Amino acid sequence: MARAYTGIDIGSNALKIAVCEGGAVRALAVEALPEGLMDGQRIVSHDAMADFLKRTVKAQGGVAKDVALVLPSDYSLVRRMEMPVMDHKELVLNLPFEFHDFIEQGKDRYFYDYAVLGPVLNDQGLLSGMDMLACAAPKDVVGDFDRMLSRAGLRLRTALPAVAALQDALERRESAQQDCCVIDFAHWHTRLHFFAGGRYDVTRTIELGGRDVDRAIADEMGVEEHLANEYKLANFKECLQLQRPGQVFETMAVEITRALNFYGFNNPEQELTCAYCVGGGANLGELVALLEQELPLPLLPASRLLGSQLQDESLAACAAAVGATLKAE
């Protein structure tokens, strides 16, 4: 019998929860974070976050105790790399040295994990190495999350970066070997995660996100940003069609198109077939409609990436949380 897992993704302004069992999405929840819990993209108080999480889980009901946690990008390092053929014990010894240019503290203060994406062949077609996705996360950070979840009455079973969670989701699709892009419309940034042959390649970040739309609405309508965010989500008084939010959408479309073209120019051997749309911004109809007109490739909804028939607009925001539960299975 398949075990149920709860995927948890803590964003800069919202908590995303996905309860999944046997690869199927059973329940979703997106809850706005109270003011003061986050400083930018970092948690101010893990105890306060735990208490908020506990209240949210209790109100939601039916949440599995075993948690697959999406590590925020500020708390983890991810690298695509090639390494010589070696066994697990040798990898455990060598992985820390692959991160020495990125780690400021001692390498022993980090947890390391990896996924072998495939073999690397030389010009003669012989095995010469391994194509890998590796990640590192500070032990104290993972410990903080473990204690936070425990305080909320939950159990941390696995933790992984968002790109690893999205790759796990992509691997379940019939077109898993495709060259594609997953566009994550987050609050602080918009991130384009590129996958070559279904394997994570690289991420490009655009410094525009949901908060820029909030600011545009706030300026246009003369309200505070937190209220503008509520207006945005409900498209109150058709605020998304106003001039200033429209200008933000147009700039985002230009920057996303530029990033797609730049990737294609630098990777002529790859041919992007589509872009999946995830994150909270994926529910902004005006933005999605503009991107469908402007992007040089088809824009597909999160349901196509996750293989879910669930008709819930929270699915896009919870995409990484859903993907994380697949890793835990």
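Throughout what follows, the structure given in this document is the object of discussion. Here the structure is a predicted model, which means the values were calculated and not measured. (Residues numbered from 1 in each chain as written. Predicted model: local features only at pLDDT ≥ 70, side-chain atom pairs only at ≥ 80, totals over all residues. Heavy atoms only, no water.)

### Some points on the side chain of Thr 56
Convention followed: Under the scheme used here, helices are H or I runs from DSSP no shorter than 4 residues and strands are E runs no shorter than 2 residues, and both carry numbers assigned from the N terminus. For each residue, the accessible area found with a 1.4 Å probe, counting protein chains only, is set against the maximum for its type, and the residue is called buried under 20%, exposed over 50%, and partly exposed in between. Identification of polar contacts relies on pairs of N or O atoms within 3.5 Å, with a donor-acceptor requirement for protein atoms, meaning one able to donate a hydrogen and the other able to accept it, and with residues adjacent in sequence counted only if both atoms are side-chain atoms. The contact criterion used is simple: two residues touch if any of their non-hydrogen atoms lie within 4.5 Å.
Among the structural elements, Thr 56 can be located in helix H1 (residues 46-60). Residue class for Thr 56 comes out buried when judged on its relative accessible area of 9%. Polar side-chain contacts of Thr 56 include one of 2.9 Å to the backbone oxygen of Phe 52. Once residues within four sequence positions are removed from consideration, Thr 56 is found in contact with Leu 15, Ile 17 and Glu 31.

### Notes on the side chain of Lys 16
Short version of the rule: Only four residue types enter the charge count: Lys and Arg as positive, Asp and Glu as negative, with His and the chain ends excluded. Salt bridge criterion: a side-chain nitrogen from Lys or Arg within 4 Å of a carboxyl oxygen from Asp or Glu.
With respect to the helices, strands and loops of the structure, Lys 16 is situated in strand S2 (residues 14-21). Despite its burial, Lys 16 pairs with no opposite charge; the closest candidate is Asp 9, at 4.0 Å N-O. In this structure, Lys 16 is in contact with Gly 7, Ile 8, Asp 9, Gly 11, Ala 29, Val 30, Ala 317, Cys 318 and Ala 321, ignoring residues within four places of it in sequence.

### A word on the sheet that holds strand S14 (residues 274-278)
Condition: By this definition, two strands are paired if DSSP reports at least two bridges between them. Interaxial angle, 0 to 180 degrees, is taken between N-to-C directions of lines fitted to C-alpha atoms, where a helix line uses only the stretch in contact.
Ordered by their spatial adjacency, 5 strands build an open sheet running S13-S12-S11-S14-S15, and the pairing between neighbours is mixed. The sheet terminates laterally at strand S13 (199-206) and strand S15 (299-301), the two strands that pair on one side only. Ignoring strand direction, the axes of neighbouring strands in this sheet form an average angle of 25°. Pairing of strand S11 (residues 180-185) with S14 involves 5 bridges; the strand directions are parallel. Counterpart to Cys 180 in the pairing with S14 is Cys 274. Together, S11, strand S12 (190-196) and S13 form the strand contacts of helix H7 (residues 243-266), whose direction differs from that of S12 by roughly 25°.

### Here's the deal with the sheet that holds strand S9 (residues 127-138)
The 3 strands are arranged S7-S9-S8 in an open sheet whose pairing can be described as antiparallel. The two strands at the open ends of the sheet, each matched to only one other strand, are strand S7 (77-83) and strand S8 (110-121). Adjacent strand axes in the sheet meet at a mean angle of 20°, parallel and antiparallel pairs treated alike. The sheet contact formed by S7 and S9 spans 7 bridges and is antiparallel. Looking at S9, one finds that Arg 79 is bridged to Ala 134.

### Here's the deal with the packing of H7 against helix H8 (residues 285-294)
What counts here: Between 65 and 115 degrees an angle is taken as roughly perpendicular, under 35 as roughly parallel, over 145 as roughly antiparallel, and anywhere else as oblique. Two helices crossing with the near one rotated counterclockwise from the far one by less than a right angle form a left-handed crossing, whereas a clockwise rotation gives a right-handed crossing. All amino acids are sorted into three groups, where Ala, Val, Leu, Ile, Met, Phe, Trp, Tyr, Cys and Pro are nonpolar, Asp, Glu, Lys and Arg are charged, and the leftover types, Gly among them, are polar.
Where H7 meets H8, the axes come as close as 10 Å, and the angle between the chain directions of the two elements is 40°. Comparing the axis directions of H7 and H8 gives the class oblique. The interaxial crossing formed by H7 with H8 has right-handed handedness. The segment H7 lies against H8, with Phe 249, Glu 250, Met 252, Ala 253, Ile 256 and Thr 257 engaging Glu 286, Leu 287, Leu 290, Leu 291 and Glu 294. Class assignment of the residues belonging to the contact of H7 with H8 gives a composition of 7 nonpolar, 1 polar and 3 charged.

Limitation: the analysis is restricted to geometry and does not speak to function.
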